Amino acid sequence: MLQPSENCDLCPRLKAFREDNREAFSDKFNAPVPSFGSQDAEFLIVGLAPGLKGANFTGRPFTGDYAGDLLYKTLLKFGFAKGTYMGHAADGLELVNCRITNAVRCVPPENKPLGDEIKQCQPFLKNELESMPQLKLVLSLGKISHDAVVRTCGEKLSSYKFGHSAVHILENGLTLIDSYHCSRYNTNTGRLTEQMFFDVFELIRQKII
Ligand code: URA
């Protein structure tokens, strides 16, 4: 499987940020965050990028920050996870028929990857999609993830408009479902409510039995 190396230098800005973080938080993960869950899953969730004090600290996507609290609560509720989520990579939580990755594997300053950084990370996302033989459905969390998935599948953005709860059938047969990102910002502003997020998973559950 194609993985960014621990000291990946494809993105100079992200490399510099990682080096700063390794100094500032020397006991934390501070490296490209690998995907979580089995490659035999039918369902892949694609986030944006590790949060500084979440996945970048713990080494597991969405683990240790607010976005993860909502995501893992929802995965447990809909049977896509089992165990107890405790916000660290050794909590024993297991994903069920589900895998989680990020469009960008390294933490970006201010949670905002640049266009070129998303492009540099695309081969890893492409390999991710190609390494899941049973993959049926991709959930994109936010427009950056949606755009990265559509581009990675070699398709035109103009053919697939991002929208919360939108369901797209890609030319390669994959179903792509969009959701607003489960970030604290989106839930605080009311752009995404817990119920709206649950409704997306209700839809996914209908497609993955
Ligand atoms: N943590 C992640 O791993 N990805 C996100 O998109 C947000 C938080």
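Figured I'd write up the structure that's included with this text. Note that the coordinates shown come from a computational prediction; the quantities given were computed from them, not determined experimentally.

The rules behind each value
Residues numbered from 1 in each chain as written. Predicted model: local features only at pLDDT ≥ 70, side-chain atom pairs only at ≥ 80, totals over all residues. Heavy atoms only, no water. Buried < 20%, exposed > 50% of the residue type's maximum accessible area, 1.4 Å probe, protein only. Axes fitted to C-alpha atoms, helices over the stretch in contact; angles between N-to-C directions. Helix = DSSP H or I, 4+ residues; strand = E, 2+ residues; numbered from the N terminus. Parallel < 35°, antiparallel > 145°, perpendicular 65-115°, else oblique. Left-handed = near helix turned anticlockwise from the far one by under 90°. Contact = heavy atoms within 4.5 Å. Nonpolar A, V, L, I, M, F, W, Y, C, P; charged D, E, K, R; others polar. Pairing = 2+ DSSP bridges. Phe/Tyr/Trp six-rings, centres within 6.5 Å; stacked < 30°, edge-to-face > 60°. Lys NZ or Arg CZ within 6 Å of the ring centre and 35° of its normal. Expected span 1.5 Å × (residues − 1). Bend = angle between axes of the 7 residues up to and from the residue. Core = buried A, V, L, I, M, F, W, Y, C linked by side-chain atoms within 4.5 Å.

1. Here we look at unusual backbone geometry
- The phi dihedral of Asn97 is positive, around 55°, even though this residue is not glycine.
- On the basis of relative accessibility, which here comes to 27%, the residue Asn97 falls in the partly exposed class.

2. Brief notes about the packing of helix H3 (residues 66–77) against helix H7 (residues 194–207)
- The geometry of H3 relative to H7 is characterised by a closest axis approach of 10 Å and an angle of 45° between their N-to-C directions. One way to sum up the angle between H3 and H7 is to call them oblique. In terms of crossing hand, the pair formed by H3 and H7 is right-handed. Mapping the contact onto sequence places Leu70, Leu71, Lys73, Thr74, Leu75 and Lys77 in H3 and Glu194, Phe197, Phe198 and Phe201 in H7.
- Along the lines of polarity and charge, the residues of the contact of H3 with H7 split into six nonpolar, one polar and three charged.

3. Thoughts on the sheet that holds strand S5 (residues 98–102)
- Spatial strand order, S1-S5-S2-S6-S8-S7: six strands in an open sheet with mixed pairing. On the outer flanks of this sheet lie strand S1 (36–37) and strand S7 (167–169), each paired with one strand and no other.
- Relative to strand S8 (residues 175–179), S7 is paired through three bridges, and the arrangement is antiparallel. Directly across from Ile169, in S8, lies its bridge partner Thr175.

4. Things to note about the packing of aromatic side chains
- Taken as a whole, this structure holds 10 aromatic pairs when the rule is applied.
- For the ring pair Phe43 and Phe201, a centre distance of 6.2 Å and an interplane angle of 70° mean the geometry is edge-to-face. Highlighted residues: Phe43 in strand S2 (residues 43–47) and Phe201 in helix H7, separated in sequence by 158 residues. Residue Phe43 shares its accessibility class with Phe201, and that shared class is buried.
- When the ring centre of Phe198 is taken as origin, the NZ or CZ atom of Lys77, which lies over that ring, is 4.8 Å away.
- Residue placement shows Arg191 over the ring face of Tyr180; its charged tip is 4.3 Å from the ring centre.

5. A closer look at helix H4 (residues 115–130)
- The first and last C-alpha atoms of H4 sit 23 Å apart over 16 residues, in line with the 22 Å expected at 1.5 Å per residue.
- Along H4, the largest kink reaches about 40° and is centred on Gln122; proline Pro123 follows within four residues of it.
- Taken residue by residue, H4 has Glu117, Ile118, Cys121, Phe124, Leu125, Asn127, Glu128 and Leu129 as its buried positions.

6. Some words on the nonpolar core
- Core analysis: the largest hydrophobic core is formed by 29 residues, its most contacted members being Phe43, Ile45, Leu75, Phe201 and Ile204.
- For this core, the secondary-structure elements that each account for two or more residues are S2, H3, S5, strand S6 (137–141) and H7.
- Ignoring any residue separated from it by four or fewer positions in sequence, one finds Phe43 in contact with Phe80, Asn97, Cys98, Arg99, Met132, Leu135, Leu137, Leu139, Phe201, Ile204 and Ile208.
- Core analysis: the second largest hydrophobic core is formed by 24 residues, Leu14, Val46, Met132 and Tyr160 among them.

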